[in-house]
Amino acid sequence: MSRVYNFSAGPACLPEEVLRQCAAEMLEYGTSGMSVMEMSHRSKDFEAILDQAEADLRELVGIPENYKVLFLQGGGNTQFAMVPMNLMRNKVADYILTGQWAKKAAAEAKLYGQVNIIASSADKTFSYIPDCSDLPVSPDADYVYICQNNTIYGTVFKTLPDTKGKDLVSDVSSMLLSEPMDVTKYGVVWGGVQKNVGPAGVTIVIIREDLIREDVLPGTPTMLRYKTHADNKSLYNTPPCWNIYVCGLVFKWLKAMGGLEEMQRRNIAKAKVLYDFLDQSELFHGTVRKEDRSLMNVPFVTGNEDIDKKFIAAATAAGFKNLKGHRTVGGMRASIYNAMPMEGVQALVDFMAAFEKENR
Ligand SMILES: *Cc1c(COP(=O)(O)O)cnc(C)c1O
């Protein structure tokens, strides 16, 4: 077996300990005589897995009692629709555009009501986070929407926008569980797990109870109502049982590692190694304004597309996989989520330094 350093933006690397436990329990979970993949979602064994996963997540994040945790399907793109369908009672919402995912969310919301773009960094290809300290928040807005960590462009909100009393809805797909978060600052905060938490197929939605209501937009399908899933403890229909089980193992792994404060400490240290290298390199450059740099997704370029290509090919051959930048921005991107060890980042930097020497 030879495992590589996988810098994919998602689906992304998972902790090796977790994968080993999955392998060990693949044929028989506990004394159930079957794999989690083969279990009824109504069985005692699976209900215990689901309850434990939620309890561990609540403990890790410190989720208050007046917030529900939902394990949903359909990925991030389904949340782009569920958010307006469930929350747009005045049919007005404010969106902050900081990249492709925020743009897609805003475009989807436009199918249901009026979308006001109250800030944007499109003018400089989303390489920074706009000033959100005094926004023109719409008086009748149902919510203010952000994509908190911009997976493609590598920016992150270091401070949350002042929403002037409106509920904040945040997509944290590519930073979920990478650092502590104060859930009380959000009305809804959600993330697809395939970036930093688990295998693709689960979206974790954390929603304040008063936002789970009957009076959703007319025509909202039963499956797309938060209330359906909240009332049924995420068991309205067959959930992705195996994926939830793996997420649960990751929660346990995070607890054993020391929780989210410790993950934040590690993630800061890892990102620093890469950004420090980029800042002194004469060949490689980061593409993001320094104050707004993500700890999770680090885009960089050489300024020469041919050298970018040569670097990606050489890195791939050396076992550093999935460093190609997003198809819309080019260059390179290293995603260094929770499960990427410091050794992986250090090895990448050493490789980049050697490449730079040879290609000066
Ligand atoms: C990947 C990603 C999405 C899209 O997720 P899907 O599950 O593919 O729909 C949305 N938002 C962010 C921030 C992402 O990184």
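Presented here is a report on the structure given in the accompanying data block. Since the model is a prediction, treat every value here as computed from it, not as a measurement.

## Considering the site of the ligand
Turning to step 1, where the next piece is worked out: Taken together, Gly75, Gly76, Asn77, Phe80, Trp101, Cys147, Asn149, Thr151, Asp171, Ser173, Gln194 and Lys195 form the complete shell of residues around the ligand.
Turning to step 2, where the next piece is worked out: The separation between an oxygen atom of the ligand and a polar main-chain atom of Gly76 is 3.0 Å.
Turning to step 3, where the next piece is worked out: Within the side chain of Gln194, one N or O atom sits 2.9 Å away from an oxygen atom of the ligand.
Turning to step 4, where the next piece is worked out: Here the ligand, which alone exposes 390 Å², has 86% of that area covered by the protein.
Turning to step 5, where the next piece is worked out: Looking at the shell around the ligand element by element, the count peaks at 4 residues for helix H3 (residues 75-87).
Turning to step 6, where the next piece is worked out: Taken together, the residues that form the shell around the ligand break down as 3 nonpolar, 7 polar and 2 charged.

## Quick word on empty space enclosed by the protein
Turning to step 1, where the next piece is worked out: Per the counting criterion, the structure on display carries 1 cavity of 30 Å³ or more.
Turning to step 2, where the next piece is worked out: Taken together, the residues that form the lining of the largest cavity break down as 9 nonpolar, 4 polar and 1 charged.

## Quick look at helix H2 (residues 44-61)
Turning to step 1, where the next piece is worked out: Here H2 contains 18 residues, and its C-alpha end-to-end distance of 26 Å stays within 8% of the 26 Å for a straight helix at 1.5 Å per residue.
Turning to step 2, where the next piece is worked out: Phe46, Ile49, Leu50, Ala53, Asp56, Leu57, Leu60 and Val61 are the residues of H2 that are buried. Seen along its axis, H2 keeps its buried residues to an arc of 135°; they face one direction. Pointing more than 90 degrees away from the buried face of H2 are the exposed residues Lys44 and Glu59.
Turning to step 3, where the next piece is worked out: Tucked into the core, H2 has its buried residues touching strand S2 (67-72), strand S10 (203-208), helix H6 (241-257) and helix H7 (259-280).
Turning to step 4, where the next piece is worked out: One or two positions beyond H2, positive phi appears at Gly62, with a value near 75°.

## Remarks on the sheet that holds strand S14 (residues 332-335)
Turning to step 1, where the next piece is worked out: The 3 strands lie next to each other as S11-S12-S14, forming an open sheet whose pairing is antiparallel. Among the strands making up the open sheet, the edge pair consists of strand S11 (285-286) and S14.
Turning to step 2, where the next piece is worked out: Two elements, S11 and strand S12 (residues 297-301), share 2 bridges in a ladder whose sense is antiparallel. If you follow His285 over to S12, its bridge partner there is Val301.
Turning to step 3, where the next piece is worked out: Sitting on the sheet, H7 touches S11, S12 and S14, and the angle it makes with S12 is about 20°.

## Considering the side chain of Asn149
Turning to step 1, where the next piece is worked out: Mapped onto the fold, Asn149 is located in strand S6 (residues 149-150).
Turning to step 2, where the next piece is worked out: In this structure the side chain of Asn149 is engaged in a polar contact, spanning 2.8 Å, whose partner is the side chain of Ser174.
Turning to step 3, where the next piece is worked out: Residues within four places of Asn149 in sequence aside, it is in contact with Thr155, Val156, Asp171, Ser174, Met175, Ser294, Met296 and Asn297.

## So, the nonpolar core
Turning to step 1, where the next piece is worked out: Formed by 87 residues in total, the largest nonpolar core has its most connected members in Ile204, Phe251, Phe284 and Phe311.
Turning to step 2, where the next piece is worked out: Among the elements that make up this core, the one with the highest residue count is H6 (11 residues).
Turning to step 3, where the next piece is worked out: Three or more residues apiece are contributed to this core by two domains, here domain 1 (16-256) and domain 2 (258-359).
Turning to step 4, where the next piece is worked out: Excluding residues within four positions of it along the chain, Phe311 makes contact with Phe284, Phe300, Leu323, Met332, Leu348, Phe351, Met352 and Phe355.
Turning to step 5, where the next piece is worked out: Counting residues in hydrophobic clusters, the runner-up holds 34 residues, among them Leu72, Val83, Tyr143 and Cys147.

## Remarks on the packing of H6 against H7
Turning to step 1, where the next piece is worked out: Put simply, H6 and H7 touch, their axes get as near as 7 Å, and they point 75° apart. Between H6 and H7, the crossing angle belongs to the class labelled roughly perpendicular. Facing H6, whose interface residues are Trp253, Leu254, Lys255 and Met257, H7 presents Gly259, Glu262, Met263 and Arg266.
Turning to step 2, where the next piece is worked out: Broken down by class, the residue content of the contact of H6 with H7 amounts to 4 nonpolar, 1 polar and 3 charged.

Rules used throughout
Residues numbered from 1 in each chain as written. Predicted model: local features only at pLDDT ≥ 70, side-chain atom pairs only at ≥ 80, totals over all residues. Heavy atoms only, no water. Near = heavy atom within 4 Å. Polar contact = N/O pair within 3.5 Å; in protein donor to acceptor, adjacent residues only side chain to side chain. Areas by Shrake-Rupley, 256 points an atom, 1.4 Å probe, with all protein chains shown as cover. Helix = DSSP H or I, 4+ residues; strand = E, 2+ residues; numbered from the N terminus. Nonpolar A, V, L, I, M, F, W, Y, C, P; charged D, E, K, R; others polar. 1 Å grid on protein atoms, 1.4 Å probe; cavity = no way out; pocket = protein on both sides within 12 Å on 5 of 7 lines; lining within 4 Å. Points joined across faces, edges and corners; volume = space filled by probe spheres on them. Expected span 1.5 Å × (residues − 1). Buried < 20%, exposed > 50% of the residue type's maximum accessible area, 1.4 Å probe, protein only. Arc of directions from axis to C-beta. Contact = heavy atoms within 4.5 Å. Pairing = 2+ DSSP bridges. Axes fitted to C-alpha atoms, helices over the stretch in contact; angles between N-to-C directions. Core = buried A, V, L, I, M, F, W, Y, C linked by side-chain atoms within 4.5 Å. Domains from an automatic or database assignment. Parallel < 35°, antiparallel > 145°, perpendicular 65-115°, else oblique.

By themselves, these are just geometric observations and shouldn't be taken as functional.
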